[in-house]
Amino acid sequence: MYNFDFCVSTQIFFGKGQVVKLGPAIKKVADKVLLVYGGGSIKRNGVYDDVVRTLNDSGVEFVELPGVEPNPRVTTVKKGGDLCKEHGLQAVLAVGGGSTIDCSKVIGAAALYDGDPWDLVVDRTKIQKVLPIFSVLTASATGSEMDNGAVISNMETNDKLGTGHPGMLPVASVLDPVYTYTCSAHQTSAGTADIMSHTFENYFSKADDFMLLDGMAEAILKTCIKYGPIALEKPDDYEARANLMWASSHAINGLISKGKADAWSVHSMEHQLSAYYDITHGDGLAILTPAWMRHVLSDATLDRFVKYGVNVWGLDPALPKREIAEKAIDLTQDFFVNKMHIPATLREVGIDESKLEIMAQKASTKALQTAAFVPLYPEDVVAIYKSCLG
Ligand code: NZQ
Ligand code: ZN
């Protein structure tokens with residue numbers, strides 16, 4: 001277990017109707033905010049009205065920035081930063097999924113930066129200050145509501161990069177499971193796969209002797225496996241939506257990662273797919289994960305896969321170890337494809353052989369080669385991509 005510092009100060013307002021606490025919380029630090037949202041789902045499902053009501057009731061003025069894209073673009077970050085500067089806004093309020101929250105976090109930094117906002121994505125040390133960030137989460141997936149990271153795309157250079165700063169950690173986030181009832185089946189599946197992937201990135205790590213973290217990670221995975229299909233079947237099942245929502249936050253807020261080395265191998269490979277083909281993050285993760293598992297399974301990693309198979313999938317520990325490991329991987333793929341109805345292959349999401357090498361070069365970062373559960377070099381990444389082509 002490595003040493004670590006842990007501080008996640010986000011105030012969480014969890015549950016039905018908790019949005020009423022948002023306006024008063026914002027009013028403590030800001031009179032005028034940028035209200036950021038995506039393609040309009042919040043206007044169709046009533047979340048926008050709830051948010052505007054609490055802002056009005058608390059005397060918080062706002063300027064709006066609609067239109068944040070899934071895989072948010074740096075061009076939108078720039079628009080938001082400019083609006084903050086122009087109107088002297090004091091905080092940024094994101095209402096949406098991970099894309100809207102990520103975009104808002106970097107807007108908060110861009111508002112207090114004189115250069116090109118892309119600088120802040122390429123080099124996080126350039127972020128000096130960030131406007132206070134607030135969020136109302138509408139899709140359980142990324143955990144952006146309770147972490148200090150953000151992922152921004154530049155479609156001109158085909159780059160999708162993560163950045164982060166302690167000031168990007170939301171001051172407060174509203175987590176009302178009811179707000180996720182209107183998520184499409186596709187978003188529900190992709191979000192569940194994302195939560196599971198965040199957990200895998202930490203569960204399968206170099207330091208594998210941390211019983212407490214492993215137990216918490218296994219609980220998150222079992223939560224997704226149980227409640228993902230229920231949320232698909234019955235989108236307004238409160239218990240399912242609530243479990244997925246809190247799992248989303250805890251899969252990435254540091255609770256299950258601090259004390260471990262994490263390289264985020266599958267995320268690094270997936271971000272290239274989104275950068276070049278603009279696919280849904282969770283779809284890419286679900287396609288790559290079983291292939292990555294098969295690639296890294298060896299005598300050296302066998303015990304970890306056995307632990308996964310027995311504790312998460314309930315496989316019989318008396319079976320031969322190799323059989324348990326392979327079954328666990330097959331069950332993972334079966335879950336994504338047959339229970340959550342996520343495409344099984346890269347071709348199904350429009351990806352062919354043409355860019356595998358360039359994407360593999362970009363994915364195989366220093367972290368992947370040194371800190372990963374199993375080091376991945378460009379040739380490994382190409383092999384994983386190829387095995388997913390279908
Ligand atoms: O644009 P709107 O109208 O909001 O619709 C969105 C969008 O079309 C829709 N949606 C969200 N909540 C809804 C809803 N539709 C109906 N009802 C609701 N309640 O869902 C679509 C996808 O939204 P998006 O925000 O893109 O999804 P998600 O939350 O999965 O975010 C994905 C982004 O987050 C990044 C990903 O790379 C991707 O860019 N990530 C951020 C991380 C972080 N900050 O820590 C970590 C993750 O690993 C991930 O990389
Ligand atoms: Zn993710």
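Look a little higher up for the structure.
Residues numbered from 1 in each chain as written. Chains lettered and ligands numbered in written order. Predicted model: local features only at pLDDT ≥ 70, side-chain atom pairs only at ≥ 80, totals over all residues. Heavy atoms only, no water.

Asker: Please explain the site of ligand 1 as it appears in this structure.
Answerer: The environment of ligand 1 is made up of 31 residues, and the closest members are Gly 39, Gly 98, Ser 99, Asp 147 and His 198. In the model, an oxygen atom of ligand 1 is placed 2.7 Å from a nitrogen or oxygen of the His 198 side chain. Every element with two or more residues in the shell around ligand 1 is listed here: α5 (98–110), β6 (149–154), α7 (185–203) and α10 (265–277). (Near = heavy atom within 4 Å. Polar contact = N/O pair within 3.5 Å; in protein donor to acceptor, adjacent residues only side chain to side chain. Helix = DSSP H or I, 4+ residues; strand = E, 2+ residues; numbered from the N terminus.)

Asker: Explain the pattern of salt bridges here, please?
Answerer: Two side chains with opposite charge may pair up if their charged atoms get near one another. Counted under the stated rule, the structure contains 17 salt bridges. Here Lys 362 ties to Asp 159 by a salt bridge, and the two come within 3.2 Å at their closest N and O atoms. With Lys 362 in helix α14 (residues 356–363) and Asp 159 in strand β7 (residues 159–164), the pair connects residues that are 203 residues apart, well separated along the chain. Among the ionic pairs, Glu 326 bridges to Arg 322, the shortest N-O distance being 3.4 Å. Taken as a pair, Glu 326 and Arg 322 lie in helix α13 (residues 321–339) at a separation of four residues, close to a single helical turn. (Salt bridge = Lys/Arg side-chain N within 4 Å of Asp/Glu carboxyl O.)

Asker: What exactly am I supposed to notice about α7 here?
Answerer: Residues spaced three or four apart along an α-helix point in a common direction, a consequence of the helix completing one turn every 3.6 residues. Under the 1.5 Å per step criterion, the end-to-end length of α7 is 27 Å for 19 residues, consistent within 8% with the ideal 27 Å. Of all 19 residues making up α7, 16 are buried, and the element is well covered by its neighbours. (Expected span 1.5 Å × (residues − 1). Buried < 20%, exposed > 50% of the residue type's maximum accessible area, 1.4 Å probe, protein only.)

Asker: Got a minute to help me understand the nonpolar core in this structure?
Answerer: Soluble globular proteins tend to bury their nonpolar side chains together. In terms of nonpolar packing, the biggest core is built from 64 residues, with Phe 204, Met 269, Trp 292, Phe 305, Tyr 308 and Tyr 385 touching the most fellow members. Counting residues per element, this core draws most heavily on helix α11 (residues 281–296), which supplies eight residues. If near-sequence neighbours (up to four positions away) are discounted, Trp 292 is found in contact with Phe 204, Ser 265, Val 266, Met 269, Phe 373, Leu 376 and Ile 384. Residues Val 74, Ala 109, Leu 120 and Ile 152 belong to the second largest nonpolar core, which totals 28 residues. (Core = buried A, V, L, I, M, F, W, Y, C linked by side-chain atoms within 4.5 Å. Contact = heavy atoms within 4.5 Å.)

Asker: Help me understand the packing of aromatic side chains in this model?
Answerer: Pairs of aromatic rings are described using the distance from one ring centre to the other and the angle between the two planes. For the structure shown, the criterion picks out 14 aromatic pairs. An aromatic cluster is defined as three or more aromatic residues linked by ring pairs; in this entry it consists of Phe 200, Tyr 203, Phe 204, Trp 292, Phe 305, Tyr 308 and Phe 373. In this structure, Lys 16 packs its charged tip against the face of Tyr 238, placed 4.6 Å from the ring centre. The cationic tip of Lys 43 hangs over the ring face of Tyr 48; the distance from NZ or CZ to the ring centre is 4.6 Å. (Phe/Tyr/Trp six-rings, centres within 6.5 Å; stacked < 30°, edge-to-face > 60°. Lys NZ or Arg CZ within 6 Å of the ring centre and 35° of its normal.)

Asker: What exactly am I supposed to notice about the packing of helix α12 (residues 302–313) against α13 here?
Answerer: The description of two packed helices rests on the angle between their axes and on the distance between the axes. Two elements in contact, α12 and α13, have axes separated by 8 Å at closest approach and are oriented at 60°. If you check the angle between α12 and α13, you find them oblique. Between α12 and α13 lies a crossing of left-handed hand. Together, Leu 302, Asp 303, Phe 305, Val 306, Tyr 308, Gly 309, Val 310 and Trp 313 of α12 and Lys 321, Arg 322, Ile 324, Ala 325, Ala 328, Ile 329, Leu 331, Thr 332 and Phe 335 of α13 make up the contact between the two elements. Its residues assigned to classes, the contact of α12 with α13 comprises twelve nonpolar, two polar and three charged. (Axes fitted to C-alpha atoms, helices over the stretch in contact; angles between N-to-C directions. Parallel < 35°, antiparallel > 145°, perpendicular 65-115°, else oblique. Left-handed = near helix turned anticlockwise from the far one by under 90°. Nonpolar A, V, L, I, M, F, W, Y, C, P; charged D, E, K, R; others polar.)

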